[in-house]
Amino acid sequence: MRGFLASSIGATCAAALALPLTPPAAAATTRAVPTAEAATTAAPHTGPDLAGSTQSLPLAPLPGTRSRGSTAPAEPAEPPDQGLPRRDVHRFSLVGVVWDDPDTELHGTVQVRTRSVETGAWSGWQDIETHNGEHAADPDTTERASGRVRGSTAPLWVGDSDGVEVRVRAEPPTHHAGHQPPHDATHHPGHQVDHDADHRVDETGRGTRTLPATPVLPTGLRLELVDPGGPEPAVRPAPLTRGTRADAPAGTALTAEVTAASAANAELAPLGALEIPELGAAETRKELLALRADELTAEQQTKPYIGPRPRIVTRRGWGADEKWREKKFVYTSKVKAAFVHHTASGNGYKCAQAPSVIRGIYRYHVMSMGWRDVGYNFLVDKCGNIYEGRAGGVAKPVLGAHTLGFNTNSMGIALLGSYGKTKPSAAAVEAVSRLTAWKLGLFGANPRGKTYLKSGGGNLYQKGKNVRLNVISGHRDGYATECPGKQLYGKLDDTRSTAADFQGR
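In what follows, the accompanying structure is described. (Residues numbered from 1 in each chain as written. Predicted model: local features only at pLDDT ≥ 70, side-chain atom pairs only at ≥ 80, totals over all residues. Heavy atoms only, no water.)

A few words now on unusual backbone geometry. Residue Pro484 is reached from Cys483 by a cis peptide bond, and omega for that bond is 10 degrees. Tracing the backbone through its elements, the reader meets Pro484 in the loop between β19 (472-474) and α7 (486-489). Of note, Ala344 is a non-glycine position whose phi angle comes to about 55 degrees, a positive value. Along the chain, Ala344 turns up in the loop between β13 (337-342) and α5 (354-368). One non-glycine residue, Asn409, lies in positive phi territory at about 60 degrees. Here Asn409 lies in the loop between β15 (386-388) and β16 (410-415). (Helix = DSSP H or I, 4+ residues; strand = E, 2+ residues; numbered from the N terminus.)

Shown next as structure tokens:
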């Protein structure tokens, strides 16, 4: 389909969004927000009231934490912890920490305690993954160079809360801020990490930079408390009867932004649909020929390898406010590989809350981290529901911001949750297999195969290096990170085999 190669489409983006809600005690410390967030009232919303809000609170040195454990006179004093003492805030459900420079890493730990609205009880200390730029737009892209991007931790879903306490502790830098390379260097011939603990390749892959010898924290640390808004969309994710479609309610007015996002999926579902329905194998092959017949070889037209199209909840279905994102869509030429991630946002959500979790991540990516849209192309909850991520059309090669250095000609799939110690559900793993069998099949890719992607720069491969990767890879295969977690990464061989089976290989 020639539309795959379009450079950008969209509609007028409204500039009016609600200001972050901030308790009176913190009103004077609220950061300057992006232009699109600066209006004082929200534009009329034709769907459910999902506006949401962000409280952005500066962190400060915590008393009594200076010079921890430093007894020798020659040793430099460690910086004090930064954070916020226990305090009341407006309601929120998702929390993260951001800082000024996206190229500065946070070497240390970030921990948070929250108070439940329902019970009034305070949680124990919970770790927030420091993240450190591994999910991001590639260097030298317009999105990365916008001037709005900030450094950030991963977001953590904590449920409906109205109190918070946070502490950030600096630690001496290591090779990857606590992340170990996933493989021996023999498996990564292009591995560019200097094993002197004081040096590493910078994120552009242009050379090494010196890490500080003593603990240091980034400047401009802020706590972001995100309310994803509510109530939930009227139609919650649930299996549909094969071949049915969930149309927009009769008479519902669609904003220009929603219309543009829906139009990007027009070949698969009617305008304003809450879901793109599943199709059987035969119907999916017919659809592939209708979409891309002029791009397929005679052999591919005779026997196309593609898995049945799975059911996908659209952005409208999970309640995306299309005014938040940039109005244009950006595409690459094809999808040669899929990178599997976890959101590292915790496993304490119910599947009925998944739309809220996704709206929280979306708002955090755009409003707090400064990205043009949510970074992932697709998200999957632990019940196996698949959600459209970055706008532009689920059948198209939308450029994401999920795997620093390898966003071009790939897609990013994120499982909602943390899978370092927790095993992903069978439903979620199968959903990834079904999704990759279909989406990779649209572009003729074999889930069991290998492919080459050119690195845009990162901490494993120099910029410009052609890297041989599995067609279905984990995030850690392209960037030195623990993502997608040990337990999920261990499921990828099964995912490749199952996806290939769905394709009929």
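Residue position: Pro215 is located in the loop between β9 (208-210) and β10 (222-227). Separated by 137 residues in the primary sequence, Pro215 and Glu78 have C-alpha atoms spaced 6.2 Å apart. Setting aside chain neighbours within four positions, we find Pro215 in contact with Glu78, Pro79, Ala170, Glu171 and Pro172. (Contact = heavy atoms within 4.5 Å.)

For the rest of this paragraph, the subject is the pairing of β16. Judged by how many residues are buried, β16 sits mostly within the fold: six of six residues are covered. Side chains Ser410, Gly412 and Ala414 project from β16 onto one buried face, and the interleaved Met411, Ile413 and Leu415 project onto a second face that is buried too. Strand direction decides the pairing type here: β13 and β16, joined by six bridges, are parallel. Note that in β16 the partner of Phe339 across the bridge is Gly412. Bridge analysis of strand β14 (residues 378-380) against β16 gives three bridges, and the strand direction is parallel. (Buried < 20%, exposed > 50% of the residue type's maximum accessible area, 1.4 Å probe, protein only. Pairing = 2+ DSSP bridges.)

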